[in-house]
Every structure is written in structure tokens, then in C-alpha cells.
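Chains, contacts and geometry: an overview
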Amino acid sequence: MKTLFLTGANRGIGLAIVNEAVKRGYAIFAGCRHPQKAADLQRLASENPDRVIPIAIDVTDAASIERARDDVRKATGAIDLLINNAGVFPHGERIENLDPETMLHTFHVNAVGPMIVVQKFLPLLRASQQAKILNITSQLGSISLHMSNHYSYNSSKAALNMLTRILASELRPAGILAVVVHPGWVQTDMGGTAAPLRPSESAQGILTLAQRLTLAESGEFFTWEGRKHPW
Ligand SMILES: NC(=O)c1ccc[n+]([C@@H]2O[C@H](COP(=O)([O-])OP(=O)(O)OC[C@H]3O[C@@H](n4cnc5c(N)ncnc54)[C@H](OP(=O)(O)O)[C@@H]3O)[C@@H](O)[C@H]2O)c1
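Note that the coordinates shown come from a computational prediction; the quantities given were computed from them, not determined experimentally.

Now for the overall build of the protein. When helices and strands are counted, the protein shows six helices and seven strands. When its helices and strands are written in sequence order, the protein yields β-α-β-α-β-α-β-α-β-α-β-α-β. The globule rule puts the C-alpha radius of gyration for 231 residues at 17 Å, and the 16 Å found for the protein is close to it. The principal-axis extent of the C-alpha atoms belonging to the protein is close to 50 × 40 × 35 Å. Expressed as a percentage of the 231 residues in the protein, the buried residues total 52%. The long-range fraction of contacts in the protein, counting pairs at least 24 apart against all pairs at least 6 apart in sequence, stands at 68%.

Next comes the structure, spelled out in C-alpha cells:
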């Protein structure tokens, strides 16, 4: 059985990925900050015992990431698919009110955290026959498109894009691929009710892409529909 570890699994796109991955036969290690409070995830876990395992993780805390890795390692020796999905999106930023703490926290969750998750999970990824890392970015991180002026969010996703390009280059000789994926504009707490996509549609696209990706495409920027996205 293929194994999946993801972050931000308690709501939004992450929860939808867990739901879809159950249908596709994965064993899922579902990372979130407070598993005991994650009612929807706990319901999926009780409906699919041994297939959905909630794991506590805060991606801004290296010790928490290590504990999560150790918890996963008790149940499996390898992770085939790692999806760095957790993210934050501060609103209302202008140059006059930019707050360094907010900027640094956003960079920590959206860009630094995913790299440290990969770092700590590397032994489990190396143990897979064909490990794949999907870092959930945003079209708002595209410098060529420059779609909005959200200083912290857009620049943290642009940083994630470059970090993933570098990661893909370093891990290619080990046979591990890494890409960034824009999940679409999705109806979640972050995306809001005006978004055109349901979380389930985004999750289906993301997992279909994950399953078909080959090492030749490592380092690229994709949409949830599997098309190349402009940098
Ligand atoms: N929705 C969209 O339209 C859209 C568009 C483009 C990109 N994205 C990206 O897609 C991903 C998922 O977004 P979403 O729409 O599902 O957002 P969401 O509904 O706001 O969920 C965000 C998730 O990230 C988790 N999280 C936040 N800080 C964390 C931390 N320090 N450690 C661990 N988990 C943390 C949250 O956990 P808590 O519940 O504990 O806060 C939650 O599970 C994000 O990376 C986002 O940037 C979304």
C-alpha cells in the first residue's frame, strides 16, 4: 500500500486530500496541529482504522516535526508521497503597515516549514521506491504573473517555488522528485466562498498529478489540473 504524509490535514484542501487518498487506497499519515480537536479528520480515521492516522505537527517547530516523523516511523518504514499543504495568508498588508513578525511567521509556515519537513522525513522518503514531494504553492507566488499585492503570502510562495527547484535538483540523484502545485482557487477558509472550485475537485487533481509525475518533471511548477504554470 502506498503511503502518504501531509500537513494541514484537518480542514480545507488538506482534509479533502485525505478523503480522496482513502478512495485511492493510500495509507495516510494526516498531520495537523491539534489532532484531538480535528473532528472531521477523526471521523475519517475512525471510519478507516489503520488507513488514516492523525499525527500532531506544527511546521514552525522543528522538534514537533521530528516527533511527527518518529510517530510515522512507528507504523511505516517509507513515505511514498509527501504533501506540504499547510499554509497561512495574512490580509490587509500595505507598505505602511508591514509587520516583520507577520512576514516572518508567513515565511516560516509557507516556505521554511516545508523544507524542514522534508529534511526530517528524508530517511522515510529515501526508503521509498519512488518518493514524490508536492509542495502546495499558489498562483499568487508567480513573479511573472504578479496577480496581487499580498506582500507576505505572495513572496513566501515565490520563496517556496525557488526552494523546491533547488530541492528537486539536490534530490534528483536519489530518485526523489519535488514539484510545486497551485491547487486552484478553492472554497476553503483561506479561499473564501466566492472561489469556483470545491476542495474535492482540487484534491482529485492534485492526487492524479502526484500519481502520474515522473522524475523527468521534477522541479516544475504545475496547476492542480496537471498543466505547467508560469513562474
Ligand atoms: N484555498 C485556495 O484558494 C488556495 C489557493 C492557492 C493556494 N492555496 C494553498 O493551499 C494550501 C491549503 O490551503 P487551504 O485553502 O486548505 O487553507 P485553510 O483552509 O486556511 O487551511 C490551512 C491549513 O494549514 C494549517 N496550518 C496553518 N499553520 C500551521 C502550522 N504552523 N503548522 C501546521 N499546520 C498549519 C491549518 O491548521 P489549523 O487548523 O491548525 O490552523 C490548516 O489545516 C495552503 O498552502 C494555501 O496557501 C490555497
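Here the narrative resumes, following the displayed structure.
It is worth spelling out the site of the ligand at this point. Near the ligand there are 29 residues, and of these N10, R11, R33, Y153 and T188 occur at the shortest range. At 2.5 Å, a side-chain N or O of T188 approaches an oxygen atom of the ligand. Out of a free accessible area of 900 Å², the ligand has 94% covered by protein chains. Because more than half of its atoms lie within 2 Å of the grid, the ligand is assigned to the largest pocket. Only α1 (12-23) and α5 (151-171) provide two or more residues apiece to the shell around the ligand. In terms of residue class, the shell around the ligand is made up of 12 nonpolar, 12 polar and five charged.

Taken as a whole, the largest pocket spans an internal volume of roughly 970 Å³. Lining the largest pocket are 42 residues, and of these N85, A86, G87, V88 and M190 lie nearest its centre. Put simply, the parts of the chain that give the lining of the largest pocket at least two residues each are α1, β2 (27-32), α4 (100-126) and α5. Looking at the lining of the largest pocket, the element that brings in the most residues is α1, giving three residues. In the lining of the largest pocket, the residues fall into 16 nonpolar, 20 polar and six charged.

All right, on to the pairing of strand β5 (residues 132-136) then. Counting buried positions along β5 yields five of five residues, so the element is predominantly enclosed. Residues K132, L134 and I136 line one face of β5 and the alternating positions I133 and N135 line the opposite face, and both faces are buried. As paired strands, strand β4 (residues 81-84) and β5 are joined by four bridges and run parallel to one another. Along β5, the bridge assignment pairs L81 with K132.

Take helix α6 (residues 199-212) next. The terminal C-alpha atoms of α6, which comprises 14 residues, lie 20 Å apart, in line with the 20 Å expected from a rise of 1.5 Å per residue. Here α6 has its buried residues at S202, A203, G205, I206, L207, L209 and A210. Buried positions along α6 lie against α1, β4, β5, β6 (177-182) and β7 (221-223).

On to the sheet that holds β6. Taken in spatial order, the seven strands of this open sheet run β3-β2-β1-β4-β5-β6-β7, and their pairing is parallel. Single-partner strands in this sheet number two, and they are β3 (52-56) and β7. Put simply, the sheet's adjacent strands are angled 25° from each other on average, direction ignored. Pairing geometry for strand β1 (residues 3-6) and β4, over three bridges, is parallel. Directly across from L4, in β4, lies its bridge partner L81. Here α1 sits on the sheet in contact with β1, β2, β3 and β4, set at roughly 175° to β1.

Cut-offs used in this document
Residues numbered from 1 in each chain as written. Predicted model: local features only at pLDDT ≥ 70, side-chain atom pairs only at ≥ 80, totals over all residues. Heavy atoms only, no water. Helix = DSSP H or I, 4+ residues; strand = E, 2+ residues; numbered from the N terminus. Rg over C-alpha atoms; globule rule 2.2 N^0.38 Å. Buried < 20%, exposed > 50% of the residue type's maximum accessible area, 1.4 Å probe, protein only. Contact = heavy atoms within 4.5 Å. Near = heavy atom within 4 Å. Polar contact = N/O pair within 3.5 Å; in protein donor to acceptor, adjacent residues only side chain to side chain. Areas by Shrake-Rupley, 256 points an atom, 1.4 Å probe, with all protein chains shown as cover. 1 Å grid on protein atoms, 1.4 Å probe; cavity = no way out; pocket = protein on both sides within 12 Å on 5 of 7 lines; lining within 4 Å. Sits in = over half its atoms within 2 Å of the grid points. Nonpolar A, V, L, I, M, F, W, Y, C, P; charged D, E, K, R; others polar. Points joined across faces, edges and corners; volume = space filled by probe spheres on them. Pairing = 2+ DSSP bridges. Expected span 1.5 Å × (residues − 1). Axes fitted to C-alpha atoms, helices over the stretch in contact; angles between N-to-C directions.

Any link to function would need more than the numbers given here.
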